[in-house]
Amino acid sequence: MTPASGAQAWIPNRLKAALVALALMAILPLGNAIAQESKLAATPPMGWSAWYGFGCNVTEADVKKSVDTMVSNGMKAAGYEYVNLDDCWQGTRDSEGLIHSNNRFPDMKALGDYIHSRGFKFGIYSSPGPRTCGGFTGSYGYEKQDAGTYASWGVDFLKYDWCSAADVYKPDQIEAAYEKMHEAILATGHPIVYSLCEYGVDAPWIWGPKVGANLWRTTGDVSNLVGFQEFQRMMFVGFSQDGLQSYAGPGHWNDPDFLQIGVRGLDLDAERTQMSLWSLLAAPLISSTDLTRLTQAQLAILTNREVIAVDQDPMSIQGRRISQIGPVQVWVKKLSRGRIAVGFINSGESPLPASVNFRKIGYPHPVKVRDLWEKKDLGIFNGSYSTTIPKHGVVLIEIH
Ligand code: GLA
């Protein structure tokens with residue numbers, strides 16, 4: 001081979017390599033985004049949302065204060081990670097179509113930086129419709145632009161709430177409407193946990209993963225009081241998760257809505273019941289209250305590491321109901337290292353007895369029992385375990 005022919009052969013090869021590199025550079029962001037997307041929400045997301053504590057009056061100062069409180073009250077150390085704005089942060093679009101926050105949120109990028117600087121992740125809220133449920137500007141027709149804006153603010157989590165989308169999409173377009181924002185998020189190359197909120201009307205657990213959802217609301221609002229007393233409404237939402245077990249797993253979770261601890265109207269037993277049931281369900285643990293007003297007892301509920309460990313267990317199995325006698329239900333959740341959590345729940349109006357037969361849940365031999373609220377080993381039990389549950393209360397044990 002002459003030097004000339006060698007050079008001729010070399011130039012096309014270099015050109016080829018350059019072309020391949022260019023092609024790779026073009027597709028890598030998308031490839032990266034897809035790879036990162038598959039790692040999101042490996043366990044049920046934990047965090048705080050502004051909704052029930054502040055509603056539409058929420059301000060930047062409220063959010064920053066909540067961030068600081070989560071650091072000082074131990075919630076951050078217990079695993080609460082996302083700081084999520086809900087509805088009502090939006091202002092108007094400018095002549096280019098870019099969404100701006102309203103005057104209660106003067107600088108979203110700076111707020112995101114603040115949240116990140118304290119070690120949290122930043123969540124935001126919008127709707128596939130033209131208006132959010134609170135009547136603020138939605139993302140309809142601006143999905144790409146909004147996803148780009150969120151990425152530029154450093155957003156890590158998006159709750160996408162159906163609301164007025166019902167006015168512009170037909171019922172059979174719901175999946176496509178959610179896919180539109182999914183594609184827009186992917187195109188940013190910035191990983192964003194995608195939280196669907198269409199109240200479980202169109203069985204999102206079936207198609208949610210296809211449109212990139214990491215969690216999806218399975219019911220209406222946990223605190224919608226129409227026709228229900230507060231506690232009974234919450235139990236109705238929690239109990240209705242039975243049957244959805246097979247749809248939960250790493251990266252995709254059934255979401256029965258926010259934790260109500262400290263919100264209103266519930267006593268400590270009822271609050272322990274929600275924390276237990278949501279953990280047995282491997283549900284997202286998103287507190288939604290004014291954290292500065294939590295009592296020590298409520299904080300102890302939100303930060304009970306042993307109960308949180310049930311929720312976050314790496315086996316990622318959503319628990320199921322194994323019995324129901326009147327107002328008493330028994331739920332179990334398989335855990336790693338051969339353990340199982342058992343929750344006895346009493347939604348009745350007076351204390352009631354309950355028991356579990358170990359053989360029936362796969363433990364034919366004597367087992368060790370630990371009470372996760374008392375944080376106490378109860379000893380070795382043979383055959384069964386019996387207890388008394390307070391009104392609206394729970395007994396949560398782990399056996400192995
Ligand atoms: C809907 C959602 C709630 C909350 C409000 C905000 O009702 O289900 O969780 O986001 O909208 O307007």
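In the block above lies the structure referred to throughout.
An account of the accompanying structure is given in this report. (Residues numbered from 1 in each chain as written. Predicted model: local features only at pLDDT ≥ 70, side-chain atom pairs only at ≥ 80, totals over all residues. Heavy atoms only, no water.)

A look at the overall build of the chain
Piece 1. What the chain contains, in helices and strands, is 13 helices and 18 strands.
Piece 2. Counting over 400 residues, the chain shows a buried share of 54%.
Piece 3. Counted over contacts in the chain with a minimum sequence separation of 6, partners at least 24 positions apart contribute 70%.
Piece 4. Surface accessibility of the chain: about 17,200 Å² in total, with carbon and sulfur atoms responsible for 57%. (Helix = DSSP H or I, 4+ residues; strand = E, 2+ residues; numbered from the N terminus. Buried < 20%, exposed > 50% of the residue type's maximum accessible area, 1.4 Å probe, protein only. Contact = heavy atoms within 4.5 Å. Areas by Shrake-Rupley, 256 points an atom, 1.4 Å probe, with all protein chains shown as cover.)

So, the nonpolar core
Piece 1. Core analysis: the largest hydrophobic core is formed by 87 residues, its most contacted members being Tyr80, Trp89, Met275 and Trp278.
Piece 2. No other element matches helix H8 (residues 174-188), which puts 6 residues into this core.
Piece 3. Of all hydrophobic cores here, the second largest spans 18 residues; its members include Ile361, Val367, Tyr385 and Ile397. (Core = buried A, V, L, I, M, F, W, Y, C linked by side-chain atoms within 4.5 Å.)

Describing the site of the ligand
Piece 1. Near the ligand the following residues occur: Trp51, Asp86, Asp87, Tyr125, Cys133, Gly134, Lys159, Asp161, Cys197, Tyr199, Arg217 and Asp221.
Piece 2. In this structure, Asp86 approaches the ligand through a side-chain N or O atom, which is 2.5 Å from an oxygen atom.
Piece 3. Contact distances for the ligand include 2.8 Å between an oxygen atom and a side-chain N or O atom of Asp87.
Piece 4. Relative to its free-state accessible area of 310 Å², the ligand is covered by the protein chains to the extent of 91%.
Piece 5. Across the shell around the ligand, the residue classes tally to 5 nonpolar, 1 polar and 6 charged. (Near = heavy atom within 4 Å. Polar contact = N/O pair within 3.5 Å; in protein donor to acceptor, adjacent residues only side chain to side chain. Nonpolar A, V, L, I, M, F, W, Y, C, P; charged D, E, K, R; others polar.)

So, the state of the cysteines
Piece 1. Under the counting rule described, the total for this entry stands at 2 disulfides.
Piece 2. Put simply, Cys56 and Cys88 are joined by a disulfide, and their sulfur atoms are 1.7 Å apart. Of this pair, Cys56 sits in the loop between helix H2 (51-54) and helix H3 (60-72) while Cys88 sits in the loop between strand E2 (82-84) and strand E3 (90-93), placing them 32 residues apart in sequence.
Piece 3. We classify Cys88 as buried; its relative accessible area is 0%. (Disulfide = S-S within 2.5 Å.)

Considering the sheet that holds strand E15 (residues 367-371)
Piece 1. One open sheet holds the 6 strands; their spatial order is E11-E12-E13-E18-E15-E16, and the pairing between them is antiparallel. Edge positions in the open sheet fall to strand E11 (320-325) and strand E16 (376-381), since each of these has one partner strand only. Direction aside, the axes of adjacent strands within the sheet are offset by 20° on average.
Piece 2. Pairing of E11 with strand E12 (residues 328-334) involves 5 bridges; the strand directions are antiparallel. Of the residues in E12, the one forming a bridge with Arg320 is Val332. (Pairing = 2+ DSSP bridges. Axes fitted to C-alpha atoms, helices over the stretch in contact; angles between N-to-C directions.)

Details of the packing of aromatic side chains
Piece 1. Inspection of the entire model under this criterion finds 16 aromatic pairs.
Piece 2. Here Tyr82 and Phe157 contribute two aromatic rings whose centre-to-centre distance is 5.3 Å and whose plane-to-plane angle is 55°, an arrangement assigned as tilted. Of the two residues, Tyr82 is situated in strand E2 and Phe157 in strand E6 (residues 157-161); the sequence distance between them amounts to 75 residues. Accessibility assignment for this pair places Tyr82 and Phe157 in one class, buried.
Piece 3. Aromatic pair Phe381 and Tyr385: ring centres 5.1 Å apart, planes at 80°, arrangement edge-to-face. (Phe/Tyr/Trp six-rings, centres within 6.5 Å; stacked < 30°, edge-to-face > 60°.)

A closer look at the side chain of Asp311
Piece 1. Along the polypeptide, Asp311 turns up in helix H13 (residues 305-311).
Piece 2. One buried charged residue, Asp311, remains without a salt bridge, the closest side chain of opposite sign being Lys333 at 6.5 Å.
Piece 3. Of note is the side chain of Asp311, whose polar atom sits 2.8 Å from the side chain of Gln312. (Lys, Arg positive; Asp, Glu negative; His and termini not counted. Salt bridge = Lys/Arg side-chain N within 4 Å of Asp/Glu carboxyl O.)

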